[in-house]
Structures are given as structure tokens and as C-alpha cells.
Amino acid sequence: MVTEDTRGAAPESQPVKSAERTIHILETLAASPTRMSLGELQEACKYPRSSLHALLRTLKDLRWIEADESGSRYGIGTHALLTGTSYLDKDSVVSRAAAVLEALRSEVSHTVHFARRDEESVIYLASRGSKVEVRRMHRVGRKLPCHVTALGQALLAELTTGEVRELLPAKLERFTDNTIVDLDDLVTELGEVRNRGWALEREQGTVGVVCIATVVPYRIPATDALSVSMPAEVASYPGELERIAGVLTRHASAWARELRAEGVR
């Protein structure tokens, strides 16, 4: 039945253009390492200059984005941070991660992470830095392609080969000389991950860093994973990788049992 309220309404499956553009702008600014000019945003988003300018003005007024002192370059604002923090506060699994990460770091003495798969990427939801190793650590909210992280490879291994091929392109983005850039090679590596029960990434995402990861299997397929990262030199110590993998899988399995027992899904 057509009424005055429904006449001319867009189909439910059709995205609202202004909302879609707004989200795209926010994601583009969030992904950029620096503030962006109107021209750079227009090149990245391909929107008409007048429409883009109006959306930027609205987002700035609502404090979802901020401009620099010149007023010509834009970046993410405080209200975007508030929204992201709210996600972390309300997620029942993330709120339990701190104790697990502290216990894991205490036992392995390296940097530890907790992340969740988001389609072809992983998002870092919690981290604890090593108390003895001084180096750059992935920030909470950082998003990286699955194929360059042990976290992502562990989570991709939860999918079937057909699902992986449907999700990822045949040629993958290169981050270092060690990055797996051929999808067939990645599929082979995922088979090894399934056999071992944990993923091993040697300087594929960051030069000088080796990472081990395993899923937290409270969901099927798993959506979350824990990892331990360490300098490549440390990873070369005899038996160190196997020791860390054993500790990591033990903590992940124990945490999964706790989550299932508490009815967390």
C-alpha cells in the first residue's frame, strides 16, 4: 500500500547517498597518516566539490572532523574518538581482554595483541607492549590487511579455501620483501596454519618483527585472535617460537572456554 509516508521512498536495499558519502569521508580521513586538503579528499572520494565541501562543513560543525589552524586541512575529530571508545567499552569480549593480555605478556615477555577480523582486514582492539623491548606498537583501532599479519592469517585459516579466494584479490598488497603477495601462496600458508594450530608471520608486515597468532575459538568460525610479536632476532633463539606458541595457544583456549561458559557468543 502506498501512503504519503512511503511514496517516493528509496528501496530498503538502496544505500542513502549522503550517509554513504559521509562514512566514506570519515574512513578516508581515518586511513590517512596526515590531515587532508579539500582537493586531496576530492581526488580520493571522487565527489563533486560543492557536495564534499558541504559535508565537510557539517561534519566539522558536529566535531566529527577537525581542521588545522589554516582551516584548509582536515582530520578525524573528537566525536569520532568518543564513538570508537564506546564500542570498546560496550563489547563484552574486549572488556575481558585486559586480564588475558596482562597474563599472556607476563609469561612471554613480549608485546601482545587482541584483534578481530573485519572482512579482509584485522582491527586491533587491545594491546600490551613489552616491558623490555622498545619499539613501535600497533595502536588500538589500527586496521591492517589480513594477509600481512599473523592475526589475520590465523583468522583467514578459519574460512574455507573458496571463501578466502572470494574475499581476497589474486594479487595482494606488498608491505615488505617477505609479504605473501600471491593468493595461491597464501592459500598454501593457510593450510600450514590449520595443521599447526597457529600462524607464523616473519617480517611480512614490518621489517624486523616476527609474530605468532592463534584464534580464540569461542565462535565458529572464530572472529577474534591473540598474538605475540617480537624482534626477529629473538625469534631465532632455539625453541623460542615453539615455547611462545605453546603459551599462546594455552591462553587462547582457556579464555575461549571461559567465554563459552559465561554464554558469550
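Rules and cut-offs
- Residues numbered from 1 in each chain as written.
- Predicted model: local features only at pLDDT ≥ 70, side-chain atom pairs only at ≥ 80, totals over all residues.
- Heavy atoms only, no water.
- 1 Å grid on protein atoms, 1.4 Å probe; cavity = no way out; pocket = protein on both sides within 12 Å on 5 of 7 lines; lining within 4 Å.
- Points joined across faces, edges and corners; volume = space filled by probe spheres on them.
- Helix = DSSP H or I, 4+ residues; strand = E, 2+ residues; numbered from the N terminus.
- Nonpolar A, V, L, I, M, F, W, Y, C, P; charged D, E, K, R; others polar.
- Pairing = 2+ DSSP bridges.
- Contact = heavy atoms within 4.5 Å.
- Axes fitted to C-alpha atoms, helices over the stretch in contact; angles between N-to-C directions.
- Salt bridge = Lys/Arg side-chain N within 4 Å of Asp/Glu carboxyl O.

Going by an unreviewed UniProt entry, the chain carries the name IclR family transcriptional regulator and comes from Rhodococcus pseudokoreensis.

Q: What's the story with the layout of surface pockets in this structure? I'm lost.
A: Over the atoms a probe the size of a water molecule is rolled, and this reveals where empty space is left. For the largest pocket, the calculated volume is near 1500 Å³. Surrounding the largest pocket, 33 residues form its lining, Ala30, Ile123, Gly141, Arg142 and Lys143 being those nearest its centre. Listed by contribution, the elements that provide at least two residues to the lining of the largest pocket are α1 (17-31), β3 (73-76), α4 (78-90), β4 (111-118) and β5 (121-128). Among the elements that take part in the lining of the largest pocket, α4 stands out by supplying seven residues, more than any other. Here the residues of the lining of the largest pocket are counted per class, giving 16 nonpolar, eight polar and nine charged.

Q: It is not clear to me how the sheet that holds strand β2 (residues 65-67) should be interpreted in this structure. Could you clarify?
A: Backbone-to-backbone hydrogen bonds join strands into a sheet, with any given pair of strands oriented parallel or antiparallel. Spatially, β1-β3-β2 is the arrangement adopted by the three strands of the open sheet, whose pairing is antiparallel. Among the strands making up the open sheet, the edge pair consists of β1 (36-37) and β2. Summarising the sheet, β1 and β3 pair through two bridges and their orientation is antiparallel. Residue pairing for β3: Ser37 is matched across the bridge by Arg73. Sheet strands touched by helix α3 (residues 49-61): β2 and β3. Its angle to β2, the strand with the most contacts, is close to 100°.

Q: I would appreciate a short explanation of the pattern of salt bridges in the present structure.
A: Opposite charge on two side chains allows them to pair when their charged atoms are near. Counted by the stated rule, this structure contains 14 salt bridges. For the salt bridge of Arg96 with Glu262, the shortest nitrogen-to-oxygen distance reads 2.8 Å. You can see Arg96 sitting in helix α5 (residues 94-108) and its partner Glu262 sitting in the segment after α10 (240-261), a full 166 residues away along the chain. Here Asp182 makes a salt bridge to Lys171, at a shortest N to O gap of 3.4 Å. Note that Asp182 is positioned in the loop between α7 (161-167) and α8 (183-196) and Lys171 in the loop between α7 and α8, a separation of 11 residues in sequence.

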